[in-house]
Amino acid sequence: DAGVTQSPTHLIKTRGQQVTLRCSPISGHKSVSWYQQVLGQGPQFIFQYYEKEERGRGNFPDRFSARQFPNYSSELNVNALLLGDSALYLCASSLDRLGNSPLHFGNGTRLTVT
Amino acid sequence: QQQVKQSPQSLIVQKGGISIINCAYENTAFDYFPWYQQFPGKGPALLIAIRPDVSEKKEGRFTISFNKSAKQFSLHIMDSQPGDSATYFCAASEDGNEKLTFGTGTRLTIIP
């Protein structure tokens, strides 16, 4: 089975622009989460969706938004990009609730804002 | 507010030795404690996880030790191998909360 796939793998944007990152979960997984990993730090939780409903939101500004589609894939949108948004954006999926089934991460999208 | 503190920041261990990474948490509502391994250019991969109803869990060369009263948990890697060289993250979450709170990571290097 394919793992969590994310696209694109790398992206360069200019301050003020908008970006959309995409994620396909492992087949059969209904939960998708997004994390931001700044270089040298641990991942930070942004959003979690389960069965197309937002179940959790981290401490990120409203410039960050996400959605989950009927096929359980997901998109993360970031508006009005800032230099500080430069990071590795990780998508993760799980079969069930966290703790009942493991969280599987993709290899991320490396976003650079110039 | 950092809720999971991880140490050391970096660690060098000889091949065959024991690697030990420690984490401490503040939130007593945490009840799920996974460890993740991350190689450069890859996403984190789950190594092993524990719940606070047990004090130790072992899977192959990896062991989690958990001290609920001290609010600490640690990862032990026995017979460390060069292929174990990676960054390790501890994490924690509350029951019913889908958010994982990660530590800051430990860069482990295994030398021959």
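Reading the values: rules and limits
- Residues numbered from 1 in each chain as written.
- Chains lettered and ligands numbered in written order.
- Predicted model: local features only at pLDDT ≥ 70, side-chain atom pairs only at ≥ 80, totals over all residues.
- Heavy atoms only, no water.
- Pairing = 2+ DSSP bridges.
- Helix = DSSP H or I, 4+ residues; strand = E, 2+ residues; numbered from the N terminus.
- Axes fitted to C-alpha atoms, helices over the stretch in contact; angles between N-to-C directions.
- Buried < 20%, exposed > 50% of the residue type's maximum accessible area, 1.4 Å probe, protein only.
- Polar contact = N/O pair within 3.5 Å; in protein donor to acceptor, adjacent residues only side chain to side chain.
- Contact = heavy atoms within 4.5 Å.

> Honestly, the sheet that holds strand 3 (residues 19-24) of chain A in this entry has me stumped. Any pointers?
What links the strands of a sheet is backbone hydrogen bonding, and the strands pair in either a parallel or an antiparallel sense. All names here are of chain A. The strand order 1-3-8-7 describes an open sheet built from four strands, whose pairing is antiparallel. Each end of this open sheet is capped by a strand with a single partner; those strands are strand 1 (5-7) and strand 7 (64-68). With direction set aside, neighbouring strand axes in the sheet form an average angle of 15°. In the sheet, strand 7 pairs with strand 8 (residues 74-78) via five bridges, with the strands oriented antiparallel. Each residue of the ladder has a partner; that of Phe-64, found in strand 8, is Val-78.

> Please explain the side chain of A:Ser74 as it appears in this structure.
Residues and elements named next belong to chain A. Assignment of secondary structure puts Ser-74 in strand 8. Overall, Ser-74 belongs to the buried group, its relative accessible area being 2%. Within the structure, Ser-74 has its side chain in polar contact with the backbone oxygen of Arg-67 (distance 2.8 Å). Apart from residues lying up to four places away in sequence, Ser-74 is in contact with Leu-21, Arg-22, Cys-23, Val-32, Trp-34, Arg-67, Gln-68 and Phe-69.

> Would you explain the environment of A:Arg63 in this entry?
Residue and element names in this part refer to chain A. Along the chain, Arg-63 falls in the loop between strand 6 (53-57) and strand 7. Sequence separation of Arg-63 and Asn-77 is 14 residues, and the distance between their C-alpha atoms is 7.9 Å. With residues near it in sequence (within four places) discarded, Arg-63 still touches Asn-77, Val-78, Asn-79, Ala-80, Leu-81, Leu-82 and Asp-85. Within polar-contact distance, the side chain of Arg-63 engages the side chain of Asp-85 at 2.8 Å.

> What is the right way to look at the pairing of strand 11 (residues 106-111) of chain B in this model?
Along a regular strand, successive side chains alternate from one face of the sheet to the other. Residue and element names in this part refer to chain B. A one-sided burial pattern is seen for strand 11, the buried positions being Thr-106, Leu-108 and Ile-110 and the unburied ones Arg-107, Thr-109 and Ile-111. Strand direction decides the pairing type here: strand 2 (residues 10-14) and strand 11, joined by five bridges, are parallel. Paired with Ser-10 across the bridge in strand 11 is Arg-107.

> Can you walk me through unusual backbone geometry in this structure?
A negative phi angle is the norm for most residues apart from glycine, just as the trans form is the norm for most peptide bonds. Going from A:Ser7 to A:Pro8, the amide bond is cis rather than trans, its omega being -10°. Here the bond from B:Ser7 into B:Pro8 is cis, since omega is -5°, no more than 30 degrees from zero. Along the chain, the position of B:Pro8 falls in the loop between strand 1 (4-7) and strand 2. Of note, the phi angle at A:Glu51 is positive, near 50°, even though the residue is not glycine.

All we've got here are geometric facts, nothing functional implied.
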